[in-house]
Amino acid sequence: EAGVAQSPRYKIIEKRQSVAFWCNPISGHATLYWYQQILGQGPKLLIQFQNNGVVDDSQLPKDRFSAERLKGVDSTLKIQPAKLEDSAVYLCASSPWQAAPTETQYFGPGTRLLVL
Amino acid sequence: KQEVTQIPAALSVPEGENLVLNCSFTDSAIYNLQWFRQDPGKGLTSLLLIQSSQREQTSGRLNASLDKSSGRSTLYIAASQPGDSATYLCAVELRGFQKLVFGTGTRLLVSP
């Protein structure tokens, strides 16, 4: 079974530029998550999709971050304009929608963003 | 607001030692608690998942315990190996939300 795919793996941009990340979840997984992991910290949930609808985006800085999941499969996360503090690893994860206490999330390798 | 704390932040041990990683959380209304492993440049891999009704889970040399009343979990690694070197993260799933709240992690180094 193929895992969660993310691209690019690394990105270096200057502040005020725009950047986009792509994620393809495990086939059949209805729920997709984007996390931000700043160096030395645990991942922080930015947005959660159930199929192509947003379940939780309470921690997404909506003035500069946007995300979409068209057709309920792959997803893109965009930052415009980027700030220095956006330097982090952006992780995508997916899970089946079963609402069961035994179900975990499956993570992609992440995109490492450096804003100069 | 749920907060998850892990201590120590870093740990260095010689190969063969048994070790314990600690995780504490502030709100006991959790769905489950998970321990993940993160290797440099890679994503997270789930190691153990303990449902809120369970007290512990075991997988090979790993044993995780959960005490909801005190808001604590421990990950016990027996007979550590250099291949165990990684960052270990605990995360609690909030009841009804399928949403994980992560701790800051413990960076483990096992020396040959």
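Residues numbered from 1 in each chain as written. Chains lettered and ligands numbered in written order. Predicted model: local features only at pLDDT ≥ 70, side-chain atom pairs only at ≥ 80, totals over all residues. Heavy atoms only, no water.

> Can you lay out the pairing of strand β8 (residues 75–79) of chain A for me, pointing to particular residues and giving the numbers?
The side chains of a regular strand alternate between the sheet's two faces. Residue and element names in this part refer to chain A. Every second residue of β8 is oriented toward a common face, the buried set being S75, L77 and I79 and the non-buried set T76 and K78. One ladder, built from 5 bridges, connects strand β3 (residues 19–24) with β8; its direction is antiparallel. Within the sheet, the bridge partner assigned to C23 lies in β8 and is S75. Two elements, strand β7 (residues 65–68) and β8, share 4 bridges in a ladder whose sense is antiparallel. Paired with S66 across the strands is K78, a residue of β8. (Buried < 20%, exposed > 50% of the residue type's maximum accessible area, 1.4 Å probe, protein only. Helix = DSSP H or I, 4+ residues; strand = E, 2+ residues; numbered from the N terminus. Pairing = 2+ DSSP bridges.)

> So what's going on with the interface of chain A and chain B? Which residues, and what values?
Counting residues at the interface gives 30 residues for chain A and 21 residues for chain B. Here chain A meets chain B over a buried area of about 1800 Å², counting both sides, of which 47% is carbon and sulfur. Applying the counting rule to chain A against chain B returns 1 salt bridge. Ionic pairing is found between K99 of chain B and D56 of chain A, a salt bridge with its closest N-O pair at 3.3 Å. Run the count over chain A and chain B and you get 4 residue pairs in polar contact (both at pLDDT 80 or more). Contributions of two or more residues to the side of chain A that touches chain B are made by β4 (31–37), β5 (44–50) and β9 (88–95) of chain A. Broken down by element, the residue count for the side of chain A that touches chain B peaks at 4 residues, all from β4 of chain A. Looking at the side of chain A that touches chain B, its residues break down into 12 nonpolar, 14 polar and 4 charged. (Contact = heavy atoms within 4.5 Å. Buried area = accessible area lost by both parts, 1.4 Å probe. Salt bridge = Lys/Arg side-chain N within 4 Å of Asp/Glu carboxyl O. Polar contact = N/O pair within 3.5 Å; in protein donor to acceptor, adjacent residues only side chain to side chain. Nonpolar A, V, L, I, M, F, W, Y, C, P; charged D, E, K, R; others polar.)

> Could you give an account of empty space enclosed by the protein, naming the residues involved and the relevant values?
If you walk through the whole model with that rule in mind, you get 1 cavity of 30 Å³ or more. Within this model, the largest cavity holds a volume of roughly 40 Å³. Broken down by class, the residue content of the lining of the largest cavity amounts to 2 nonpolar, 5 polar and 2 charged. (1 Å grid on protein atoms, 1.4 Å probe; cavity = no way out; pocket = protein on both sides within 12 Å on 5 of 7 lines; lining within 4 Å. Points joined across faces, edges and corners; volume = space filled by probe spheres on them.)

> Provide a residue-level description of the pairing of strand β1 (residues 4–7) of chain B, including the pertinent values.
Residue and element names in this part refer to chain B. By the alternation rule, side chains of β1 split into V4 and Q6, which are all buried, and T5 and I7, of which none is buried. When β1 meets strand β3 (residues 19–25), the two strands line up antiparallel, connected through 4 bridges. The residue of β3 that forms the bridge with I7 is N22.

> Talk me through the nonpolar core; I want residue IDs and the actual numbers.
Core analysis: the largest hydrophobic core is formed by 24 residues, its most contacted members being L33, W35, L75 and V92 of chain B. At the level of secondary structure, the elements contributing two or more residues to this core comprise β3, β4 (30–38), β5 (44–51), β7 (62–67), β8 (72–77), β9 (86–94) and β11 (106–111) of chain B. If you look at the next biggest cluster of nonpolar residues, it comprises 21 residues, including C23, A82, Y90 and L113 of chain A. (Core = buried A, V, L, I, M, F, W, Y, C linked by side-chain atoms within 4.5 Å.)

> Please set out the layout of surface pockets residue by residue, giving values where relevant.
To find leftover empty space, a probe the size of one water molecule is rolled over the atoms. There is about 630 Å³ of room inside the largest pocket. Lining the largest pocket are 29 residues; nearest its centre among them are Q37, L39, G40 and R112 of chain A together with Q38 of chain B. The set of elements that each furnish at least two residues to the lining of the largest pocket consists of β9 and β11 (111–115) of chain A together with β9 and β11 of chain B. At 4 residues, the largest contribution of residues to the lining of the largest pocket is made by β11 of chain A. Each residue belonging to the lining of the largest pocket can be placed in one class, and the counts come to 12 nonpolar, 12 polar and 5 charged. Roughly 430 Å³ of volume is contained in the second largest pocket. If you trace the second largest pocket, you find 19 residues lining it, with K44 and Q59 of chain A together with K1, V101 and F102 of chain B closest to the centre. Only β5 of chain A together with β10 (99–102) of chain B provide two or more residues apiece to the lining of the second largest pocket.

> Mind laying out the environment of I12 of chain A, listing which residues take part and the relevant values?
Residues and elements named next belong to chain A. Considering the arrangement of structural elements, one finds I12 in strand β2 (residues 10–13). Sequence-wise, I12 and L114 are 102 residues apart; in three dimensions their C-alpha atoms are separated by 4.8 Å. What I12 contacts, discounting residues up to four positions off in sequence, is L114 and L116.

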